[in-house]
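# Summary of the model geometry
What follows is each chain in one-letter form.
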Amino acid sequence: MNRRWLIPVAILVALVQIAFLSWTILGRAQILREGREIVLSVEPVDPRDLLRGDYVILGYNISRVPVSLFTNTPALPENDSVERTVFIRLKEGGDGIWQPVAASVDAPAAAALSDAEVDIRGTAYFARWESDAVRVTYGIERFYVPEGEGRQIERDLRTRSFRMKVAISSNSTAQIKSLHDGETMLYEEPVY
């Protein structure tokens, strides 16, 4: 390859990388600024990865969804499991914590959303051996905290009630906004 083209190609590659990173950051920021805010109850989970910084692995009150809430479920192969995109319809409970009220596989439920409801997109793991509830992840199960504070938060989660404010975009994507210990906000995600 001729060296004359090396610099323009390198510049083009750099611009593509910058554009991709900017698009990713702006997409996340848009959800945090404009997304519908909901509150979830936080539940502790033990696994930890020491090479990725200090963070807390979290479960939520919506991490296990009753199979009875699904309007449709995928066919399961014999003695196996299936991973599918799901949409969980949430409604605010009397205590301010949002709860699942309906669920659908592959697309949001056909019934129109009321002003008091929101759909959140997740990934469900349907298995024959789990007939009463489905495990669902939403991409908000890992929360990074200042160095050295993760283990203390995990211990506190076992003794006190923590809540997470989450923003939900118009396409049902979730982003963490802030972590709360009771009414006290511990950490807030910066928009940028």
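You'll find the structure just up there.
Residues numbered from 1 in each chain as written. Predicted model: local features only at pLDDT ≥ 70, side-chain atom pairs only at ≥ 80, totals over all residues. Heavy atoms only, no water.

## Observations regarding the packing of aromatic side chains
Counting across every chain of the model gives three aromatic pairs. Aromatic side chains Phe20 and Trp23 sit 6.1 Å apart centroid to centroid with 40 degrees between the ring planes, which places their arrangement in the tilted category. Of this pair, Phe20 and Trp23 both sit in helix α1 (residues 6-34), three residues apart, which is roughly one turn of the helix. Between Phe143 and Tyr187, the aromatic rings sit 6.2 Å apart at their centres with planes inclined by 55 degrees, giving tilted as the arrangement. Of the two residues, Phe143 sits in strand β8 (residues 142-144) while Tyr187 sits in strand β11 (residues 184-188), which places them 44 residues apart along the sequence. Against the face of Tyr125 rests Arg135, its NZ or CZ located 4.3 Å from the ring centre. (Phe/Tyr/Trp six-rings, centres within 6.5 Å; stacked < 30°, edge-to-face > 60°. Helix = DSSP H or I, 4+ residues; strand = E, 2+ residues; numbered from the N terminus. Lys NZ or Arg CZ within 6 Å of the ring centre and 35° of its normal.)

## Brief notes about the layout of surface pockets
Considered as a void within the structure, the largest pocket measures approximately 260 Å³ in volume. In terms of lining residues, the largest pocket is bounded by 14 residues, among which Gly35, Ile168, Ser169, Ser170 and Asn171 are the most central. Contributions of two or more residues to the lining of the largest pocket are made by α1 and β6 (117-127). Per element, the largest residue contribution to the lining of the largest pocket is four residues, and it comes from α1. The residue makeup of the lining of the largest pocket, split by class, is four nonpolar, seven polar and three charged. (1 Å grid on protein atoms, 1.4 Å probe; cavity = no way out; pocket = protein on both sides within 12 Å on 5 of 7 lines; lining within 4 Å. Points joined across faces, edges and corners; volume = space filled by probe spheres on them. Nonpolar A, V, L, I, M, F, W, Y, C, P; charged D, E, K, R; others polar.)

## A look at the nonpolar core
Among the nonpolar cores identified, the biggest contains 35 residues, and Tyr60, Phe70, Ile88 and Met164 are the most heavily contacted of them. Apart from the residues lying within four places of it in its own chain, the contact partners of Met164 are Ile38, Val39, Leu40, Val42, Leu58, Tyr60, Phe143, Ile176, Ser178 and Leu179. (Core = buried A, V, L, I, M, F, W, Y, C linked by side-chain atoms within 4.5 Å. Buried < 20%, exposed > 50% of the residue type's maximum accessible area, 1.4 Å probe, protein only. Contact = heavy atoms within 4.5 Å.)

## Looking at the sheet that holds strand β3 (residues 64-66)
One open sheet accounts for five strands, arranged β3-β7-β6-β4-β5; its pairing is antiparallel. Only two strands of the sheet have a single partner each, and these edge strands are β3 and β5 (98-105). On average, each strand axis in the sheet is inclined to that of its neighbour by 45 degrees, with strand direction left out of account. (Pairing = 2+ DSSP bridges. Axes fitted to C-alpha atoms, helices over the stretch in contact; angles between N-to-C directions.)

## Thoughts on a nonpolar patch on the surface
There is a patch of nonpolar side chains on the surface, built from Ile7, Ile11, Leu15 and Ile18 and spanning about 410 Å² of accessible area. On the secondary structure map, Ile11 appears in helix α1. (Patch = residues over 30% accessible without salt bridge, like charges linked within 9 Å, V, L, I, M, F, W, Y side chains within 5 Å. Areas by Shrake-Rupley, 256 points an atom, 1.4 Å probe, with all protein chains shown as cover. Salt bridge = Lys/Arg side-chain N within 4 Å of Asp/Glu carboxyl O.)

## Remarks on the pattern of salt bridges
If you walk through the whole model with that rule in mind, you get six salt bridges. Two residues, Asp119 and Arg89, come together in a salt bridge whose shortest N-O distance is 2.8 Å. With Asp119 in strand β6 and Arg89 in strand β4 (residues 81-92), this pair connects stretches of sequence that are 30 residues apart. Given the relative accessible area of 6%, Asp119 is considered buried. By relative accessible area, Arg89 is classed as buried at 5%. Residue Arg160 is joined to Asp156 by a salt bridge in which the shortest nitrogen-to-oxygen separation is 3.2 Å.

## Considering the pairing of strand β2 (residues 55-60)
With respect to burial, β2 is a largely interior element, six of its six residues being buried. The side-chain alternation of β2 yields two buried faces, one formed by Tyr55, Ile57 and Gly59 and the other by Val56, Leu58 and Tyr60. Sheet analysis places β2 next to β8, joined by three bridges and oriented antiparallel. Residue Tyr55 lies in a different strand from β8, and its bridge partner there is Tyr144.

Any functional reading would require information beyond the geometric quantities listed.
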